[in-house]
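Topology and contacts: notes
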Amino acid sequence: MTERPINDCFFTDKERMTHGEAIALLKSRLSPIASVSSVALSDALDRIAASPVAATFPVPLHTNAAVDGYAVRHEDIARGWLPVSQRIAAGDLSPQPLAPASAARIFTGAVMPADADTVAMQEDCEIDGNTVKLPPKLKRGANCRQAGEDVAPGDTVLHSGKRIGAADIAALTSIGSSSLKVFERLKVGILSTGAELREPQNGAPDLQMGEVYDVNRPLLHALLSNLPVDITDYGIIQDTSEDVAAALRLASSQCDIILTSGGASLGAEDHMLAALDDLGQRHMWQLAVKPGRPMMFGQIPKSSGGEAYFFGLPGNPVAAMVCFLMYAHPAIRRLAGEDWFEPMRFQVVAGFDMKARKPDRREFLRGRLSVQNGSTFATKYPRDGSGLISSLRESDGLIELSESGAAVTKGQLVDFIPFSAFR
């Protein structure tokens, strides 16, 4: 990549990589790197399936009653009062065929007797001794769960590359799976750089003038917590070229992915960019996005073979979180074996006005949702600083504005990306 050894303020956003170009680059360069192993189904939540799983039998296995009531042949309903010829409970595996012109007392989940095709809810029936009268307008097939209506033999219940959720656990259990092949967890190393950074000390006010607590590493820990990764924390690295290079060498030798924050610009004390260029290969830097312009992506060779993937996030917490969510989060999921993740976007009504902006730059505003008269509105956080952690804490997600730079008028539709999409 061509260097621009000039004041960064003179870059135009047309010379930076757009959001779409950055996503396209990541998609083109990333593929699963995780190994495969088998785990018990009880340990599979949030793991990523490494092979498809298909059903070998129908679910449900037998046609069964969906309610407590009475099973009949639909055409017998018109006869009026019917004798109750048998009683079938859940767990009675081989009920007798339904006697002609009769009804069977049946309970939820019980196997339907042969020749019966309809079930009436018990509260809708009239009962007199051992006879029953069903509602005359009951539809054929009512309250019956047909064999195979959920899953047919041969249906794929889980696709390779799918992140396994609670509903997947239920579906896999329903077809008798007790274990499955998944991608192994990746090793992710995180570190921060900055001479001004300090570790919190049980709330003690021990900061000197110009110092700040390092919030980015705890932030990244939290953002990584539900991904299939194991985290190594390398702490705060001093702002020297030697210390930064040594930290990257160590992390790249031990991890599959490295996440850093800070030191990604061209300042005299920003050594991360030079270290990446010296140790490996840089594919991305300087994005036309706000917040988060100095975002790096590259690879660092391992001495043992293979490469570690590197994501250099901005130092400001808001920019670090936005860049993690939009670029590092989907990239990590892809490397871990998942299909490419595209965060959910939905349109909401803008509850704010905003003047025309600088064009050629994608912007992500922090926003909060509210419902008024049946419509969902998004209001932007009133201040734009990328160091305002309060703007993240008080927001529900990101309002995404395109590179057009057009003004936003209250009442128009805007795209909204909820933080909850990045589970």
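The buried fraction of strand β25 (residues 397–401) amounts to five of the five residues, a majority that puts the element mostly inside the structure. Direction of pairing for strand β23 (residues 362–372) relative to β25: antiparallel, over a ladder of five bridges. Residue pairing in the sheet places E363 in a bridge with L401 of β25. Pairing geometry for β25 and strand β26 (residues 413–418), over four bridges, is antiparallel.

Okay, the environment of P359 next. The residue P359 is located in the loop between β22 (346–350) and β23 in this model. Residues P359 and T156 lie 203 residues apart in sequence; the distance between their C-alpha atoms is 46 Å.

The full count for this structure, using the stated rule, is 22 salt bridges. Here R73 makes a salt bridge to D115, at a shortest N to O gap of 3.4 Å. Pair noted here: R73 is in the loop between β4 (69–72) and β5 (81–88) and D115 is in the loop between β6 (103–106) and β7 (118–121), with a separation of 42 residues, a long-range link. Residue D115 is classed as partly exposed on the basis of its relative accessible area of 49%. Across the salt bridge formed by R362 and E400, the nearest N and O atoms sit 2.6 Å from each other. Linking R362 in strand β23 with E400 in strand β25, this pair joins segments that are 38 residues apart in sequence. Classification of R362 by relative accessible area gives buried; the value is 16%. Residue classification places E400 among the buried residues on the basis of a relative accessible area of 8%. Several salt bridges converge on common partners, so that one network encompasses E342, R345, R362, E400 and E403.

In space, the six strands of this open sheet follow the order β7-β4-β6-β5-β9-β8, with mixed pairing throughout. Either end of the sheet is taken by a strand with one partner, and the two such strands are β7 and β8 (126–128). The average undirected angle you get between the axes of adjacent strands in this sheet is 40°. As paired strands, β5 and β6 are joined by four bridges and run parallel to one another. Pairing of V84 across the sheet is with A103, part of β6.

Conventions adopted
Residues numbered from 1 in each chain as written. Predicted model: local features only at pLDDT ≥ 70, side-chain atom pairs only at ≥ 80, totals over all residues. Heavy atoms only, no water. Buried < 20%, exposed > 50% of the residue type's maximum accessible area, 1.4 Å probe, protein only. Helix = DSSP H or I, 4+ residues; strand = E, 2+ residues; numbered from the N terminus. Pairing = 2+ DSSP bridges. Salt bridge = Lys/Arg side-chain N within 4 Å of Asp/Glu carboxyl O. Axes fitted to C-alpha atoms, helices over the stretch in contact; angles between N-to-C directions.

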